[in-house]
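Secondary and tertiary structure notes
Spelled out, the chains give:
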Amino acid sequence: MTRRQLLQLAAVSGAVSLVPDVLQSSALAAPSSAAKTGKSLSFLVFGDWGSGLKLQREVAAAMTRYARANKPSMAISVGDNFYDNGVVDTNDPQWENKFEKMYPKEAMPFPFFAVLGNHDWRSNPSTQFSYRGPSGRWRMDGFYYKVVAGGGLVEFFMVDTDLWLPQFGAMELGKKQTQWLESALSQSKAKWKILVGHHPPYTDGIHSIEGSMQRVRTNILPLLEKYGVQLMLSGHDHDLQHIIIPSMKTHFTVCGAGGASMRRRFSNNYGPFYKDMTGGFMSISVNETQLKARFLNSELATLHEWVQKVK
């Protein structure tokens, strides 16, 4: 590890020790305006997007059209927010070029809650905690934090899966994250519990051969089962996947087709849905009895959808 990287890690660690309240805060998302006969929430999910390339522009334009027509309450980014090397500081021009202009406030005035991906760690990852920008929509309240939405109907548990991987040099903080996650899940009274993290525990993409997936599984799978988490949102592989493990109640998704270069399918171990070489995002709506999820492409065609009932 270089001296520069050590200094960056020290800065990140310092931020953790000085502002523990930020790391364990709860952010409030505006409840859906459709909640007249009961609590409900609609939101978008996208990931691996901040390339500035044609694909990002196409997917962003589709998200803009969808938001204008359907008025979701919020968006979730599953990481790798800025390619190739994250952002340097809150004045980095990528904020304007790859976020503010790509996802215009007039169509998407809602908060964008985000987690870090591995590419975000290549600069100073903690600078993404500080950015608010001219629109005030960007929200990342630490390496890990909770978002309460839909009047308490849904709780999102936002984690930085990089903290669990040795190559990022922050595994002590990763242990704290695991402790925080169990504590937060154990206290949750929400009908819908959704975990958000960049690295997927299961995937049929090129990253399926990495040991990182096993490390992520080791940290989260016991907690998903113990506390009844119904859905995990992730990215990392540049494709769209819906994965059901027969022995588990949690559904897993990969939504990493937001703008980075596309990759072919690598393996065929999971299902029921995999789509490669196609840009896209997710739309999810939740009420007190069910969750409905859809994968859409840049033409707003539905590629795959499913319904989960509350249990």
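For the structure, see preceding data.
**Here we look at the overall build of the protein chain**
Across its full length, the protein chain carries seven helices and 15 strands. Of the accessible surface of the protein chain, which amounts to about 12,700 Å², a share of 52% is contributed by carbon and sulfur atoms.

**What about the packing of aromatic side chains?**
Taken as a whole and judged by the stated rule, the model has 26 aromatic pairs. Taking 5.2 Å as the distance between ring centres and 80 degrees as the angle between the ring planes, the aromatic pair formed by Phe-99 and Trp-138 counts as edge-to-face. With Phe-99 in helix 4 (residues 94-100) and Trp-138 in strand 5 (residues 138-139), the pair connects residues that are 39 residues apart, well separated along the chain. A residue is classified by how much of its surface remains accessible, and Phe-99, at 0% relative accessible area, is buried. Through a chain of ring-to-ring contacts, three or more aromatic side chains come together here, namely Phe-46, Trp-49, Phe-82, Trp-95, Phe-99, Tyr-103, Phe-110, Phe-112, Tyr-131 and Trp-138.

**Looking at a nonpolar patch on the surface**
Nonpolar side chains collect at one region of the surface, where Ile-206, Ile-209 and Phe-266 lie side by side and expose about 280 Å² of accessible area between them. In this structure, Phe-266 sits in the loop between strand 11 (251-255) and strand 12 (272-275).

**Digging into helix 7 (residues 212-227)**
The end-to-end C-alpha distance of helix 7, which contains 16 residues, comes to 23 Å, matching closely the 22 Å that a straight helix rising 1.5 Å per residue would cover. At Ile-220, helix 7 shows its strongest bend, of approximately 35 degrees, with the proline Pro-222 following within four residues. Taken residue by residue, helix 7 has Ser-212, Met-213, Val-216, Arg-217, Asn-219, Ile-220, Leu-221, Leu-223, Leu-224 and Tyr-227 as its buried positions. Where helix 7 is buried, its residues meet helix 6 (171-187), strand 8 (192-196), strand 9 (231-234) and strand 11. Following helix 7 by one or two positions, Gly-228 has its phi on the positive side, about 65 degrees.

**Overview of the side chain of Ser-123**
Mapping Ser-123 onto the fold places it in the loop between strand 4 (112-114) and helix 5 (127-130). Engagement of the side chain of Ser-123 in a polar contact is seen with the backbone oxygen of Asn-85, the distance being 2.3 Å.

**Regarding the pairing of strand 3 (residues 74-77)**
Side-chain alternation along strand 3 places Met-74 and Ile-76 on one buried face and Ala-75 and Ser-77 on a second face that is also buried. Relative to strand 3, strand 2 (residues 40-46) is paired through four bridges, and the arrangement is parallel. When the sheet's bridge partners are listed, Leu-44 is paired in strand 3 with Ala-75. Of the crossover connections in this fold, the one passing from strand 2 over helix 3 (residues 54-70) to the parallel strand 3 is right-handed.

**Quick notes on the pairing of strand 7 (residues 154-158)**
Burial runs high along strand 7: five of the five residues are buried. Note: strand 6 (residues 145-149) against strand 7, five bridges, orientation antiparallel. When the bridges of strand 7 are listed, Lys-146 appears paired with Phe-157. Two successive antiparallel strands, strand 6 and strand 7, enclose a turn made up of four residues, where Gly-150 displays a positive phi of approximately 65 degrees. One ladder, built from five bridges, connects strand 7 with strand 8; its direction is parallel. Residue pairing in the sheet places Val-154 in a bridge with Trp-192 of strand 8. Read from strand 7 through helix 6 to strand 8, the crossover connection turns out right-handed.

**A short note on the side chain of Lys-98**
One can find Lys-98 in helix 4. Buried and unpaired, Lys-98 has Asp-84 as its nearest opposite-charge partner, separated by 7.3 Å. A polar contact is formed between the side chain of Lys-98 and the backbone oxygen of Tyr-83, at a distance of 2.7 Å. If we ignore the near neighbours within four places in the chain, the residues touching Lys-98 are Trp-49, Gly-50, Ser-51, Gly-52, Gln-56, Phe-82, Tyr-83 and Tyr-103.

Calculation notes
- Residues numbered from 1 in each chain as written.
- Predicted model: local features only at pLDDT ≥ 70, side-chain atom pairs only at ≥ 80, totals over all residues.
- Heavy atoms only, no water.
- Helix = DSSP H or I, 4+ residues; strand = E, 2+ residues; numbered from the N terminus.
- Areas by Shrake-Rupley, 256 points an atom, 1.4 Å probe, with all protein chains shown as cover.
- Phe/Tyr/Trp six-rings, centres within 6.5 Å; stacked < 30°, edge-to-face > 60°.
- Buried < 20%, exposed > 50% of the residue type's maximum accessible area, 1.4 Å probe, protein only.
- Patch = residues over 30% accessible without salt bridge, like charges linked within 9 Å, V, L, I, M, F, W, Y side chains within 5 Å.
- Salt bridge = Lys/Arg side-chain N within 4 Å of Asp/Glu carboxyl O.
- Expected span 1.5 Å × (residues − 1).
- Bend = angle between axes of the 7 residues up to and from the residue.
- Contact = heavy atoms within 4.5 Å.
- Polar contact = N/O pair within 3.5 Å; in protein donor to acceptor, adjacent residues only side chain to side chain.
- Pairing = 2+ DSSP bridges.
- Right-handed = clockwise from strand over helix to strand, strands pointing away.
- Lys, Arg positive; Asp, Glu negative; His and termini not counted.

Such coordinate-based values are descriptive only and should not be taken to indicate function.
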